[in-house]
Amino acid sequence: MNVSGRRASLGRPPASAARGGALRGAALLWCLLHAPIALALYAGPIRAAVAQLPDAFRAPMWPTFPVQAATLSLFAFLVTLPISVWPAAYRLAVPLVTGVGTAALYVDSEVYKSVGFHINGFFFRVVTQPGALKETGVPIWAALAIAAGGVIVIGLEIAAFRWLTARPRWPRRAWAAALSLLVLCTAERFAVATLSWLGGPGVFAAGQVLPLQAPVRMNRTLEKITGRKGDTLPDPFSGAARDAAARLPAGLAPSEVRFTRKPDVLFVVAESLRADFFEPTTMPRLLARSREGATFTNHQSTAPATFYSIFSLLFGLQGHKADAVIGTGRSPVLFGALRENGYQMRFISASSVDWMGLKEGAFGDVKDALETDWEGPFPERDDEMMRRAHRWVDGADDRPMFLFLFFFGTHFDYFYPPRSAVHSPAWDGKGGIKATNAPSELIKNRARNAAYEVDWKLDEFLTWFEAKRGRKPLILFTGDHGEEFREKGRIGHGSGVNAEQIHVPMVVIDDKVPRGSFTAPTSHVDLVPTLFALLGDKHAPELYSDGHVLYESPPDRYVLATVGWEPTYAGIGKDVKVRFAALDAFGRVQITDTFDRPLPDGAARFARAAPAILKMLGKDPGKAAQ
């Protein structure tokens with residue numbers, strides 16, 4: 001070969017490199033052909049998520065989903081890219097990954113439709129327990145059919161990809177195309193983050209319907225750039241989530257709820273009140289009154305944080321659904337049902353209900369009847385709440401009333417007057433959660449004194465209320481969540497699903513409730529079904545709630561709790577508790593008793609509990625909320 005020939009050959013890629021580039025181009029195209037499959041599998045959840053968004057956000061959200069599906073396709077391409085240097089292995093690896101990925105997406109889409117979050121290692125660990133599928137109604141033949149279908153899909157993928165790569169002249173610029181697609185996928189994440197800032201958590205939740213979408217939040221950055229809060233921007237999106245506040249879940253229309261009896265209802269919640277405070281030296285008056293009703297000793301909050309727990313109390317839905325429900329402005333069926341049945345309503349909250357859009361979201365449909373966040377020192381907030389409650393009852397007419405009271409005194413720093421200093425020695429209340437060096441027992445005694453004062457205030461109000469109205473009300477009493485006093489290393493709440501932070505008292509006092517103490521697992525999602533049942537409504541709870549009627553809770557049931565701020569969960573049964581992280585691909589779990597003490601036979605108990613846990617996760621909570 002002469003010099004000019006050699007120079008010419010240097011300007012052309014070797015034949016093997018050209019073939020490799022064409023093969024990578026075919027692989028990228030093959031992976032992208034699977035994006036429509038992902039969209040089809042998640043079409044139902046996507047439609048449901050978008051349908052619940054305020055009108056102004058629907059059109060901007062639709063284009064994000066094809067890009068998210070392309071992200072999944074790009075992931076498959078990038079996983080197999082290192083193998084492209086071996087063409088024979090590459091022709092097998094690409095369809096194998098896309099085939100397994102398609103099968104996994106099918107399973108994940110079914111799990112997501114049922115549970116509300118994507119598959120993880122915990123699910124794999126549960127379903128491999130003996131008898132788990134059978135107990136949850138999935139016959140073995142169905143599981144085998146799914147597995148066989150997956151094998152067939154993978155076989156077809158391999159054959160089709162081999163046929164595809166036998167065609168000549170595929171584009172050789174796969175690198176440039178993949179990089180452009182990566183830029184587009186990144187831009188989509190930032191677009192969803194911006195829409196979430198404008199529209200709230202409902203938009204953010206919609207942006208996570210497809211799996212493997214990296215969550216991106218830019219609230220603080222956008223606030224710094226614009227100098228405005230996301231919900232105050234003067235643009236077409238501003239306030240759209242609030243404008244949808246009157247939307248109701250579709251599972252049960254409030255007009256269909258029929259109450260055959262209409263007593264006055266007092267729904268009372270105490271901040272940060274743990275279950276072991278409900279005893280004779282701390283809450284003697286309510287304990288005495290509870291003998292005329294029912295006490296639920298294994299009652300769990302759905303979360304150790306007010307936002308999620310109040311959501312569950314009012315909606316009857318699991319805490320991890322709060323973003324998708326409250327973020328779209330939907331209102332509890334409870335409020336509409338009370339209104340349709342002639343109740344006059346008042347919501348007086350000494351504890352703030354303005355967390356994360358709770359005020360405009362959960363209470364948006366009754367905001368004219370809500371009193372919260374008034375001026376005044378913290379120690380006097382409960383006193384002011386009781387004054388307001390007296391004034392409202394004084395001015396009410398003869399119609400049945402629904403009164404919601406949310407005590408603040410049991411929140412850190414724990415407030416009480418001298419008359420309730422019954423537990424001593426007690427912390428003096430100086431300092432903060434992070435700063436105080438007081439012994440935990442002294443802090444706990446202060447919290448007990450605060451609970452003693454709440455018990456006293458409530459008893460005084462009930463005595464006056466019964467005299468004023470001439471009849472006894474139906475009473476629901478619980479804590480929004482619990483409180484830890486360094487038993488697990490922390491003071492306060494919001495950090496874990498341990499017993500101290502989620503095990504709370506639950507009391508129902510009414511002529512129609514079975515009297516006594518109930519030990520079956522119960523949860524905040526049960527309060528709306530219980531109230532409806534006691535008022536005579538006959539609709540099945542699953543139409544509008546994740547819960548049961550409290551006094552009908554099955555003894556083998558598991559209830560669900562979540563941290564909320566992070567995807568950490570606990571399934572709590574009668575004597576077993578299983579903790580896991582939704583994003584843990586390895587399926588690691590902690591198996592303890594309900595008070596977080598290790599069990600020597602934990603693995604065996606987990607195997608026995610797996611069917612019940614699957615039932616808990618697999619129930620389609622709130623088709624009403626979709």
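Quick caveat, the model's predicted, so the values are computed rather than measured. (Residues numbered from 1 in each chain as written. Predicted model: local features only at pLDDT ≥ 70, side-chain atom pairs only at ≥ 80, totals over all residues. Heavy atoms only, no water.)

**Q** Please explain the pairing of strand β10 (residues 506-509) as it appears in this structure.
**A** In regular strands, side chains alternate between the two faces of the sheet. By the alternation rule, side chains of β10 split into Met-506 and Val-508 and Val-507 and Ile-509, which are all buried. As judged from the three bridges shared by strand β2 (residues 293-296) and β10, these two strands associate in the antiparallel manner. By the bridge assignment, Ala-294 is partnered in β10 with Val-508. As defined by bridge partners, strand β7 (residues 474-479) adjoins β10 across four bridges and the pair is classed as antiparallel. Looking at β10, one finds that Thr-478 is bridged to Met-506. (Buried < 20%, exposed > 50% of the residue type's maximum accessible area, 1.4 Å probe, protein only. Helix = DSSP H or I, 4+ residues; strand = E, 2+ residues; numbered from the N terminus. Pairing = 2+ DSSP bridges.)

**Q** What am I meant to see in the environment of Lys-321 here?
**A** Within the secondary structure layout, Lys-321 lies in the loop between α16 (306-315) and α17 (322-326). Accessibility expressed as a relative area gives 12% for Lys-321, which makes it buried. Reaching out from Lys-321, the side chain makes a polar contact with the side chain of Asp-546 at a distance of 3.5 Å. (Polar contact = N/O pair within 3.5 Å; in protein donor to acceptor, adjacent residues only side chain to side chain.)

**Q** Help me out: how do you make sense of the nonpolar core in this one?
**A** If you look at the biggest cluster of nonpolar residues, it comprises 54 residues, and the most contacted ones within it are Phe-347, Phe-363, Phe-402 and Phe-404. It is α16 that provides the largest number of residues to this core, a total of seven residues. Grouped together as the second largest cluster of nonpolar side chains are 42 residues, Ala-389, Ala-447, Ala-451 and Phe-461 included. (Core = buried A, V, L, I, M, F, W, Y, C linked by side-chain atoms within 4.5 Å.)

**Q** Explain the side chain of Thr-295 here, please?
**A** Note on placement: Thr-295 falls in strand β2. Those residues in contact with Thr-295, other than ones at most four positions away along the chain, are Phe-278, Ser-290, Met-506, Val-507, Gly-516, Ser-517 and Phe-518. (Contact = heavy atoms within 4.5 Å.)

**Q** Honestly, the packing of aromatic side chains in this entry has me stumped. Any pointers?
**A** We describe a pair of aromatic rings using the distance from one ring centre to the other and the angle between the two ring planes. Taken as a whole and judged by the stated rule, the model has 28 aromatic pairs. Centroid distance Phe-347 to Phe-402: 5.8 Å. Interplanar angle 50 degrees. Geometry classified as tilted. With Phe-347 in strand β4 (residues 344-349) and Phe-402 in strand β6 (residues 401-407), this pair connects stretches of sequence that are 55 residues apart. Each residue in the set Phe-267, Phe-335, Phe-347, Phe-363, Phe-402, Phe-404 and Phe-406 is aromatic and connected to the rest through ring pairs, giving one cluster. Here Arg-285 stacks its cationic end above the ring of Trp-456, 4.4 Å away from the centre of that ring. (Phe/Tyr/Trp six-rings, centres within 6.5 Å; stacked < 30°, edge-to-face > 60°. Lys NZ or Arg CZ within 6 Å of the ring centre and 35° of its normal.)

**Q** Which parts of the structure should I look at to understand helix α18 (residues 333-340)?
**A** Given 3.6 residues per helical turn, the α-helix brings residues three or four places apart onto the same face. Counting buried positions along α18 yields six of eight residues, so the element is predominantly enclosed. Every buried residue of α18 is listed here: Val-333, Leu-334, Phe-335, Gly-336, Ala-337 and Leu-338. Where α18 is buried, its residues touch α16, β4, β6 and α23 (527-534).

**Q** I would appreciate a short explanation of the environment of Leu-72 in the present structure.
**A** The residue Leu-72 is located in helix α6 (residues 64-80) in this model. The spatial distance from the C-alpha of Leu-72 to the C-alpha of Pro-211 is 8.1 Å, given a sequence separation of 139 residues. Filtering out sequence-adjacent residues up to four positions away, Leu-72 remains in contact with Ala-38, Leu-105, Pro-211, Leu-212 and Gln-213.

**Q** Looking at this structure, how should I read the pattern of salt bridges?
**A** Side chains carrying opposite charge are able to pair once their charged atoms draw close together. Per the counting criterion, the structure on display carries 32 salt bridges. Between Asp-264 and Arg-469 there is a salt bridge whose closest N-O contact spans 2.8 Å. One end of the pair, Asp-264, is in the loop between α14 (240-243) and β1 (265-270); the other, Arg-469, is in helix α21 (residues 440-469), and 205 residues separate them in sequence. Taken individually, Asp-264 and Arg-469 each receive the classification buried, so the pair is uniform in this respect. Members of the salt-bridge network, linked through shared partners, are Arg-346, Glu-371, Glu-384, Arg-387, Arg-388 and Arg-391. (Salt bridge = Lys/Arg side-chain N within 4 Å of Asp/Glu carboxyl O.)

**Q** What's the story with the packing of α18 against α23 in this structure? I'm lost.
**A** Helix-helix packing is described using two parameters, namely the angle between the two axes and the distance between the axes. Interhelical geometry of α18 versus α23 gives an angle of 15 degrees and a closest axis separation of 11 Å. Our classification of the angle between α18 and α23 gives roughly parallel. Remark: the crossing between α18 and α23 carries left-handed chirality. Residue-level contacts link Val-333, Leu-334 and Ala-337 of α18 to Val-528, Leu-531 and Phe-532 of α23. Its residues placed into classes, the contact of α18 with α23 shows six nonpolar, no polar and no charged. (Axes fitted to C-alpha atoms, helices over the stretch in contact; angles between N-to-C directions. Parallel < 35°, antiparallel > 145°, perpendicular 65-115°, else oblique. Left-handed = near helix turned anticlockwise from the far one by under 90°. Nonpolar A, V, L, I, M, F, W, Y, C, P; charged D, E, K, R; others polar.)

**Q** So what exactly am I meant to see when it comes to a nonpolar patch on the surface here?
**A** Taken together, the side chains of Phe-75, Val-79 and Leu-212 define a hydrophobic patch exposed on the protein surface, amounting to about 310 Å² of accessible area. As for its placement among the helices and strands, Val-79 is situated in helix α6. (Patch = residues over 30% accessible without salt bridge, like charges linked within 9 Å, V, L, I, M, F, W, Y side chains within 5 Å. Areas by Shrake-Rupley, 256 points an atom, 1.4 Å probe, with all protein chains shown as cover.)

**Q** Would you take a moment to explain the sheet that holds strand β15 (residues 577-581) for this structure?
**A** Either a parallel or an antiparallel arrangement is found when strands of a sheet pair, and the pairing is made through backbone hydrogen bonds. Overall, antiparallel pairing links the four strands, which are arranged β13-β14-β15-β16 in an open sheet. The sheet terminates laterally at β13 (559-562) and β16 (589-592), the two strands that pair on one side only. Taking each pair of neighbouring strands and ignoring which way they run, the sheet shows an average axis angle of 20 degrees. In this structure, strand β14 (residues 568-572) lies alongside β15, joined through five bridges in antiparallel fashion. If you follow Ile-572 over to β15, its bridge partner there is Lys-577.

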